[in-house]
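# Coordinate analysis (summary)
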2 protein chains.
Amino acid sequence: MPVLSLRIDFEDGGRIGPGKIALLEKIAETGSISSGARAMGMSYKRAWDLVDETGRLLGAPVVETRAGGARGGGAQLTPAGERVLERFRAIEEAAAKVAEPHIDAMLKDNG
Amino acid sequence: MPVLSLRIDFEDGGRIGPGKIALLEKIAETGSISSGARAMGMSYKRAWDLVDETGRLLGAPVVETRAGGARGGGAQLTPAGERVLERFRAIEEAAAKVAEPHIDAMLKDNG
DNA sequence: GCTCGTTATATTTGATCGTATATAACGGCT
DNA sequence: AGCCGTTATATACGATCAAATATAACGAGC
């Protein structure tokens, strides 16, 4: 059964969508970019690039990082990071609700 | 100013989003896959592949084609093609309306 | 029956994207 | 002081994506 997914498109072609949002969530859960990347099944470099671009698009860093220390370091969401995550989930929920009858109708159109 | 875009994700990984929908519109306007592809700035092959996959995902062809004849042939949307276009536009409109306040709030969060 | 633009399909070329790998700095902990 | 996992970054390799090119069939109109 098909499901709606959405993205926020910026003027320069950059986008924030389910992938970057899920990564932010994993980083918040696991406490580092690298473990978040592992949880997402992607390379650290890719995760770092995604986090970096998310911050660039929003005009504010979405994670605060620290290198070194007992466990090597880590990362946590900045307030801006937490906000974009919450807002994106709110948009998803609202959009899914209003789209549901249309999707149901679309499915009934054919098989 | 960022804008919302959405896609319908199917279980097998296939998606229907703004690109395929815009292509269908161009085909309807211009009367052929190839002229629709030109209007979208893409190759005929890519346009054909997109049309084909859209039909596959929906379980019904979205264009009816004919080769040969005075103007070489052409294509027009099937009822299924017209329906998915209308429904997608309806979903977009409804989603944009409910998402707008959230996006405004997100913009106010930073710059 | 020849032409012309289209559909339909295969193959090659090139660009883009992501992984893998390497390297350096960092800093609590033992 | 040394260790370890992390951040941050660069480079090389592979895979995937899309364009470009090529080919054949089609059929109304001249």
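Everything discussed here concerns the structure shown above.
Below, the structure is looked at part by part. (Residues numbered from 1 in each chain as written. Chains lettered and ligands numbered in written order. Predicted model: local features only at pLDDT ≥ 70, side-chain atom pairs only at ≥ 80, totals over all residues. Heavy atoms only, no water.)

### A short note on the overall build of chain A
The condition is simple: The helix and strand labels rest on DSSP assignments: H or I over at least four residues marks a helix, E over at least two residues marks a strand, and numbering proceeds from the N terminus. Summary of the burial criterion: residues with accessible area below 20% of their type's maximum are buried, those above 50% are exposed, and those between are partly exposed, where the area comes from a 1.4 Å probe applied to protein chains only. We call two residues contacting when some pair of their heavy atoms lies within 4.5 Å. Residues scored as positive are Lys and Arg, those scored as negative are Asp and Glu, and His as well as the terminal groups of each chain are ignored. For this purpose, a charge sits on NZ of Lys, CZ of Arg, CG of Asp or CD of Glu.
A tally of helices and strands in chain A yields four helices and four strands. Listed by position from the N terminus, the elements making up chain A come as β-β-α-α-α-β-β-α. With respect to the three principal axes, the spread of C-alpha positions in chain A is 60 × 30 × 20 Å. In chain A, which comprises 111 residues, the share counted as buried stands at 41%. Once local pairs closer than 6 in sequence are excluded, the contacts in chain A between residues at least 24 apart make up 49%. Both charge centroids of chain A, one from 15 positive and one from 16 negative side chains, sit 5 Å from each other.

### So, the side chain of Ser5 of chain A
We apply this condition: For the purposes of these results, a polar contact is taken to be a pair of N or O atoms within 3.5 Å, where, inside protein, one atom must be able to donate a hydrogen and its partner to accept one; residues adjacent in sequence count only when each atom of the pair is a side-chain atom.
Topologically, Ser5 of chain A is positioned in strand β1 (residues 3-9). Side chain to side chain, Ser5 of chain A and Arg7 of chain A meet in a polar contact 3.4 Å long. Within the structure, Ser5 of chain A has its side chain in polar contact with the side chain of Asp9 of chain B (distance 3.1 Å). Excluding residues that lie within four positions of it along the chain, Ser5 of chain A makes contacts with Pro18 of chain A together with Ser5, Leu6, Arg7 and Asp9 of chain B.

### Describing the pairing of strand β4 (residues 73-77) of chain B
Condition: Two strands qualify as a pair provided that DSSP identifies no fewer than 2 bridges between them.
When strand β3 (residues 63-67) of chain B meets β4 of chain B, the two strands line up antiparallel, connected through five bridges. Bridging across to β4 of chain B, Ala67 of chain B finds its partner in Gly73 of chain B.

### Comments concerning the sheet that holds β1 of chain A
With antiparallel pairing, four strands are arranged side by side in an open sheet as β2(A)-β1(A)-β1(B)-β2(B). Either end of the sheet is taken by a strand with one partner, and the two such strands are β2 (15-16) of chain A together with β2 (15-16) of chain B. By the bridge criterion, two bridges tie β1 of chain A to β2 of chain A in an arrangement that is antiparallel. Along β2 of chain A, the bridge assignment pairs Asp9 of chain A with Arg15 of chain A.

### Observations concerning the relation of the copies chain B and chain A
Rules: The copies were overlaid by least squares, fitting only the C-alpha atoms of residues that reach a pLDDT of 70 or more in each copy.
Between the two copies, chain B and chain A, the superposition gives an RMSD of 0.1 Å; the rotation angle is 180 degrees and the shift along the axis is 0.0 Å. Within this description, the copies of the chain are treated as partners about a two-fold rotation axis. In this assembly the copies share their binding face: 100% of the residues contributing to the interface of chain B also contribute to that of chain A.

### A short note on the packing of helix α2 (residues 33-40) of chain A against helix α3 (residues 44-58) of chain A
Residue and element names in this part refer to chain A. Note the cut-off: Axes here mean lines fitted to C-alpha atoms, for a helix over just the part in contact, with angles spanning 0 to 180 degrees between N-to-C directions. In what follows, roughly perpendicular refers to angles from 65 to 115 degrees, roughly parallel to angles under 35, roughly antiparallel to angles over 145, and oblique to any angle outside these ranges. Charged residues are taken to be Asp, Glu, Lys and Arg, nonpolar residues to be Ala, Val, Leu, Ile, Met, Phe, Trp, Tyr, Cys and Pro, and polar residues to be all remaining types, Gly included.
Running from amino to carboxyl end, α2 crosses α3 at an angle of 110 degrees, the nearest separation of the two axes being 9 Å. Looking at the two axes, α2 sits roughly perpendicular to α3. Across the interface between the two elements, Ile33, Ser34 and Ala37 from α2 touch Tyr44, Ala47 and Trp48 from α3. Taken together, the residues of the contact of α2 with α3 sort by class into five nonpolar, one polar and no charged.

### Let's talk about the protein's contact with DNA strand D
So the rule is basically this: Proximity criterion: a residue is near a molecule or strand once any of its heavy atoms comes within 4 Å of it.
As a matter of local geometry, DNA strand D sits amid 24 residues, with Ile33, Thr65 and Gly72 of chain A together with Gly68 and Gly69 of chain B nearest to it. Considering DNA strand D, the proportion of its atoms within 4 Å of the protein that are sugar or phosphate atoms stands at 68%. A distance of 3.2 Å separates a base nitrogen of DNA strand D from a polar atom in the backbone of Gly68 of chain A. Gly68 of chain B places a main-chain nitrogen or oxygen 2.8 Å from a base oxygen of DNA strand D.

### Quick look at the environment of Arg56 of chain B
Relative to the helices and strands, Arg56 of chain B resides in helix α3 (residues 44-58). Sequence separation between Arg56 of chain B and Ala80 of chain B is 24 residues; the distance between their C-alpha atoms is 12 Å.

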